[in-house]
Each structure stands twice: as C-alpha cells, then as structure tokens.
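Next come the chains, spelled out residue by residue.
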Amino acid sequence: MEDLKKAIMDYAESSKKTKFYFSDLEKAVKKVKPDAKAREVKKAATALINEEKLIYFSTGSSTMYGMKGRGQTEDH
Amino acid sequence: MAFEPREEQTKLKYQELRIYSDEELNNYTEDELKSFKVKHNIPDLDELEKGPWPSFVADSKREALRRHKLPEDRMMIKPEVVEDMLGQLQLSFDHGETHWKHGGIVGVFGYGGGVIGRYSDMQDTFPSIAHFHTMRVNQPASKFYDTDYLRTICDLWEYRGSGMMNMHGSTGDIIFLGTFTEQLEPIFFELGHVLQQDLGGSGSNLRTPSCCIGKARCEWSCYDTQEMCYELTHFYQDELHRPAFPYKFKFKFDGCPNGCVASIARSDMSFIGNWRDDIRIDQAAVKAYMGGEIAPNGGAHAGRDWGKFDIQKEVIDLCPTSCMWMEGDTLKIDDKECTRCMHCINVMPQALRPGKDTGVSLLFGAKAPILEGAQMSVLTIPFMKTEPPYDNVKEVVEKVWDWWMEEGKNRERLGELIQRYGIPKFLEVLEIPPMPQMVTAPRANPYIFWKEEDVEGGWDRSIDDYRSRHAR
C-alpha cells in the first residue's frame with residue numbers, strides 16, 4: 001500500500017495538471033508497479049483522500065482527483 | 001421472507017426531531033402571499049406561473065415568503081436564498097446564459113459523491129446564493145417513506161439549507177437544492193447519525209440504485225426488486241461513495257417487463273423481472289372479460305364509452321409476435337414466441353399472469369444522449385434465477401466493472417464501450433455464449449470475421465490434408 005501511495009503522490013506532485021482522472025493515477029502506478037490492480041490503486045487513492053493529501057474534484061457528472069492546496073479551492 | 005435491515009432501524013418521530021413549530025411552518029396567509037413581492041423584478045418567471053400546470057415559481061414564492069417571515073436566527077443560511085435564486089434565474093433569462101458555476105471540490109469527508117458544488121458568478125448582486133450546493137439523498141427503495149421522515153428532512157433542510165428540494169431527481173434521489181459549504185458536514189452528520197440516511201451517488205460513481213415498487217404492491221413483480229436494490233446498495237458502498245469509474249454507472253431494477261423505472265432506457269445495467277415458463281391463463285376469466293363482466297385494463301380508461309371489449313382487436317391483433325389465438329372460446333398462447341411485451345397481461349390482469357418460474361433478465365448499456373446519442377440496453381443474459389445474497393448477479397457485475405475500468409476511456413459509458421468493441425467481445429468478458437435472445441434482427445453483413453482460436457489448427461495449420469483431397 002505505501003509504495004502505491006508513494007507512486008500516486010510522485011505522479012501528482014510532478015504533474016503539471018492539478019486534476020487527474022483515476023485512470024491517470026492507475027497508469028502512473030503501473031509504470032512503477034506493472035502488476036498493481038485497479039482496486040489496490042483505488043484503495044491507495046482513498047487512503048490518500050482520508051489523509052487529506054488528495055482531494056476529490058467533481059463536476060457532478062464525473063469525478064477527478066486533485067492535490068490538496070493546488071488548483072481550485074473550496075471557495076470557487 | 002421478511003425484510004431484514006443491515007442495521008437496527010429506529011422509527012423516526014417527527015414530534016421529537018422537529019425544529020419548527022406549527023406556527024412557524026404556517027406563518028403566512030393566502031392574502032399575504034397574493035400581495036408578496038420578491039425583492040427582485042422577475043417578469044419572465046411571473047409569466048411561468050400562468051397556465052394550468054403547477055409551477056416551481058409559485059412554490060418558490062411560498063417558500064420565499066415563509067423564510068421572509070421566519071426570524072433570521074431560525075435559519076443557518078440567509079432567508080433571501082429563494083428570492084436570490086429567482087432573481088438570478090431572471091437575470092439568466094435576460095442574458096441568455098447561466099450565472100451558475102458548476103462543480104468543485106466541496107463534499108463531505110471521505111465521500112467523493114453526493115454533493116455537487118455550485119456557486120453564483122454574481123455574488124455581489126445575489127450574496128445569499130454565493131454557494132448553492134446540491135446534496136443527493138439516497139431515497140429509500142421504491143421511495144417508501146412516512147410523513148415523519150418527510151417532515152423531519154424538510155425541517156432539516158429549512159434550517160440548514162434553502163428549503164427547496166426536488167422530489168425526486170432523475171436517478172431517484174431526494175435532491176436538496178442550495179446550501180453553503182459550512183452546512184454540508186452538519187447535514188451529513190444529522191442524516192447519517194439521526195435519520196439513518198445516506199447520501200446518494202454522483203460523479204464517476206455507482207449512482208444511487210433505484211427500483212420499482214416491486215412485490216410491495218405489485219403482483220407482476222418477478223423478483224423482490226426492493227431487496228435486490230437494498231442489498232446491492234449496501235454491498236457496493238465503496239463504489240457508491242468513492243469514485244474510480246471512467247464515468248457514471250447506474251443500476252435500475254424493474255420487477256417485470258412493464259419497466260416502471262424504465263431501466264431499459266436509463267441504466268447501464270438493467271434488471272428486468274421475467275419468467276421462463278408459460279403465462280398463466282384463467283380461461284374462465286378470459287370469458288368474463290369477453291362477456292363484459294370484468295372491465296379490461298384494470299378499469300382504466302373508464303371515463304368514456306369505448307364500446308364492447310373485443311379480445312381479437314384489443315389483444316390478439318396487437319400481439320407483436322402474433323403468438324396468441326382463439327380456439328373456440330379458449331385463448332391459446334405459443335409461449336416460446338412471446339417477447340414479454342406485457343400488453344395482454346396489462347389488458348386482462350385477472351385472466352393472464354406471468355409464469356411461476358421467475359427470475360431476472362440482465363441488459364446492459366443504456367444511456368441518455370451525449371456521445372453517440374441515446375441508446376437502450378441490450379439483452380445479454382436472458383434469464384437468471386435470483387436469491388439473496390445475489391452472488392451470481394454480483395459475479396456478473398464485477399466482470400463488467402473490471403472490463404470497463406480496464407478498457408473504458410474517460411467519460412465513456414458502458415454502452416459506448418460495448419459499441420466500440422462489439423457484442424462478441426462483451427460476451428467473451430462475461431464468459432457466456434451467444435444466444436438467440438440477444439439477436440434483435442437478422443444480420444445484414446454477409447462477412448464472417450474468424451478469430452484464430454475459432455479455426456481448427458489456427459492460421460498456421462498444415463494444408464496438406466486439404467490438398468490431399470483438393471488439387472491446386
């Protein structure tokens with residue numbers, strides 16, 4: 001789990017984007033850990049949400065992940 | 001089998017939970033309403049009140065007046081929220097463009113859905129709707145609730161939100177319309193810990209599952225829609241609240257092919273009750289319909305004289321597969337040709353009933369038009385027996401999700417993925433053989449594309465054996 005979380009955060013921190021689809025996170029993790037399963041990546045992303053390192057961004061119809069403190073804030 | 005909730009349920013008592021007194025809830029007269037003017041000039045909205053239909057403008061004005069008269073400390077967001085909403089809507093009509101900003105990062109802790117951020121881009125003019133977030137509340141199965149529940153959620157929303165709600169959104173949820181960010185967690189706490197009520201799905205989640213009234217009130221229901229809806233809602237909590245799908249995914253449960261929740265048109269995975277034996281016929285009741293002793297269509301359309309019931313014209317000739325006929329005064333049905341259109345059963349409910357060997361048909365891929373236009377679900381599993389805890393259904397669900405999560409593009413619905421890859425690939429994923437029931441029309445393309453695994457010996461097979469019989 002910790003290595004998956006690290007791979008997600010490495011990708012999120014190095015990306016120029018402020019929001020990512022789940023599939024972006026999954027691809028980034030699979031570059032580092034090719035045998036990682038989508039469900040494991042989701043669990044790691046959920047743990048990062050609970051640790052308040054990642055945040056959800058929702059348009060209402062689709063949802064993306066973002067990094068806390070980067071890009072949009074709750075006041076927008 | 002009696003319903004067994006996953007957790008002990010407390011009977012809500014409005015008298016113990018209420019926030020407002022009767023006087024506060026009935027704090028204006030009809031005369032006051034007639035003379036009440038909202039704080040903005042809204043000529044186009046006033047126009048919408050005219051005509052025979054109920055209008056949200058009329059309802060909004062009532063709510064605006066109630067909030068106007070309530071003491072300000074009896075509401076956690078501004079009393080003018082309804083008036084500002086109407087004012088901004090008028091301005092949007094004037095400008096021909098919306099003044100809402102949609103989406104964002106607001107939500108409740110740990111949930112990726114259930115709250116949809118919305119903000120005004122005219123916050124100086126309409127400060128009370130600077131935030132106007134929507135909350136989706138997971139409706140009880142079949143939307144059964146009592147007045148204690150309804151009154152309690154109405155009080156909660158009056159206190160912490162705008163007081164405006166939709167009963168119900170298209171997915172079925174109760175929609176709370178308009179509150180500020182700081183109210184989200186207190187509302188969620190109250191819903192979860194006091195009302196035992198969860199938020200629904202939004203975004204790239206499993207959306208709130210929705211079912212018809214099922215066996216609770218309908219004799220045609222071929223499976224317990226409420227129970228399956230409840231079980232799958234609980235079993236897939238993670239998918240409902242923590243989004244990781246390429247896009248939205250909807251389950252809907254219809255108890256019979258009448259499709260009262262229109263699952264075939266509105267859900268990525270449609271569950272439609274079905275039977276695999278014969279339609280049950282009560283020939284004495286058939287005669288009673290023919291003789292005019294029982295009103296057809298359950299007595300509907302009785303406001304006008306439609307003449308004597310004619311079974312040939314009104315039932316047999318309308319059968320889409322022509323699988324019914326009369327032999328003397330006996331009704332016959334060739335059941336293997338029946339496509340479950342339900343017309344004959346609907347017209348003569350006392351004479352005809354679905355069979356007794358009941359289960360569910362699974363269809364996949366319906367959606368409303370965005371990319372490829374609207375499409376209906378495709379019949380994929382013609383019949384499946386279902387019993388709690390529905391392990392066979394869950395197995396299918398998870399195969400579909402694994403494939404869609406692996407192959408689906410961002411914002412691609414399951415139906416579009418099936419279209420992109422073709423039904424044969426989808427059947428491979430589900431590990432089921434093609435079946436005649438999946439075919440809607442004879443093929444128009446004369447070519448057959450063989451796969452290597454379908455050809456004995458593969459592409460590299462020796463042709464010596466063939467040549468031994470066929471000279472070059």
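Residues numbered from 1 in each chain as written. Chains lettered and ligands numbered in written order. Predicted model: local features only at pLDDT ≥ 70, side-chain atom pairs only at ≥ 80, totals over all residues. Heavy atoms only, no water.

> Could you clarify how one ought to interpret the domain arrangement of chain B in this entry?
As a measure of interface size, the accessible area lost when the parts come together is often cited. Residues and elements named next belong to chain B. We note that the domain assignment places domain 1 (14-194), domain 2 (214-275 + 358-441) and domain 3 (280-353) within chain B. The straight-line distance from the C-alpha centre of domain 1 to that of domain 2 is 34 Å. Here domain 1 packs against domain 2, burying approximately 800 Å² in sum over the two surfaces, 48% of which is carbon and sulfur. Contact with domain 2 buries surface across domain 1, with Tyr111, Ala141 and Phe144 losing the most and accounting together for 40% of the total. Counting across the domain 1 and domain 2 interface gives zero salt bridges. At the junction of domain 1 with domain 2, the criterion picks out five residue pairs in polar contact (both at pLDDT 80 or more). Class assignment for the residues of the side of domain 1 that touches domain 2 results in three nonpolar, seven polar and no charged. (Domains from an automatic or database assignment. Buried area = accessible area lost by both parts, 1.4 Å probe. Salt bridge = Lys/Arg side-chain N within 4 Å of Asp/Glu carboxyl O. Polar contact = N/O pair within 3.5 Å; in protein donor to acceptor, adjacent residues only side chain to side chain. Nonpolar A, V, L, I, M, F, W, Y, C, P; charged D, E, K, R; others polar.)

> Help me out: how do you make sense of the nonpolar core in this one?
Note that soluble globular proteins tend to have their nonpolar side chains buried in a common cluster. Core analysis: the largest hydrophobic core is formed by 56 residues, its most contacted members being Tyr65(A), Phe249(B), Phe251(B), Phe271(B) and Phe364(B). The dominant element in this core, judged by the number of residues it contributes, is helix H15 (residues 391-407) of chain B, at eight residues. Beyond its immediate chain neighbours, meaning those up to four positions away, Tyr65(A) contacts Thr18(A), Lys19(A), Phe20(A), Phe22(A), Leu25(A), Ala45(A), Ile49(A), Leu54(A), Ile55(A), Tyr56(A), Pro243(B) and Ala244(B). The next biggest cluster of nonpolar side chains, apart from the first, holds 27 residues, and it includes Ile294(B), Ile311(B), Cys344(B) and Met348(B). (Core = buried A, V, L, I, M, F, W, Y, C linked by side-chain atoms within 4.5 Å. Buried < 20%, exposed > 50% of the residue type's maximum accessible area, 1.4 Å probe, protein only. Helix = DSSP H or I, 4+ residues; strand = E, 2+ residues; numbered from the N terminus. Contact = heavy atoms within 4.5 Å.)

> Got a minute to help me understand the packing of aromatic side chains in this structure?
What characterises a pair of aromatic rings is the spacing of the ring centres plus the angle enclosed by the ring planes. Under the counting rule described, the total for this entry stands at 24 aromatic pairs over all chains. Where Phe249(B) meets Trp404(B), the ring centres are 5.4 Å apart and the plane angle is 50°; that geometry is what we call tilted. Residue Phe249(B) is located in the loop between helix H10 (237-241) and strand S8 (251-254), and its partner Trp404(B) is located in helix H15; the two are separated by 155 residues in the primary sequence. The class for Phe249(B) is buried, based on a relative accessible area of 0%. Of the residues examined, Trp404(B) reaches a relative accessible area of 0% and is grouped as buried. Linked through ring pairs, Phe235(B), Tyr236(B), Phe245(B), Phe249(B), Phe251(B), Phe253(B), Phe271(B), Trp401(B) and Trp404(B) together constitute an aromatic cluster. One residue, Lys19(A), lies across the ring of Phe57(A), its end atom 4.8 Å from the ring centre. (Phe/Tyr/Trp six-rings, centres within 6.5 Å; stacked < 30°, edge-to-face > 60°. Lys NZ or Arg CZ within 6 Å of the ring centre and 35° of its normal.)

> Where do I start with the sheet that holds strand S4 (residues 134-137) of chain B in this structure?
Pairing between the strands of a sheet is mediated by backbone hydrogen bonds and can be parallel or antiparallel. All names here are of chain B. With antiparallel pairing, four strands are arranged side by side in an open sheet as S2-S4-S6-S5. The outermost strands of the open sheet, each flanked by one partner alone, are strand S2 (115-116) and strand S5 (164-167). Across two bridges, S2 lies against S4 in antiparallel orientation. Counted as the bridge partner of isoleucine 116 is threonine 134 from S4. (Pairing = 2+ DSSP bridges.)

> Even after reading the chapter, I still don't get the interface of chain B and chain A, so can you show me in this structure?
At the junction of the two partners, chain B supplies 29 residues and chain A supplies 27 residues. Here chain B and chain A share an interface that buries about 2,400 Å² over both sides, 50% of which is from carbon and sulfur atoms. Inspection of the region where chain B meets chain A yields four salt bridges. Put simply, Arg39(A) and Asp402(B) hold a salt bridge, and the shortest N to O gap is 3.3 Å. Our count for the contact surface shared by chain B and chain A stands at 11 residue pairs in polar contact (both at pLDDT 80 or more). Every element with two or more residues in the side of chain B that touches chain A is listed here: H10 and H15 of chain B.

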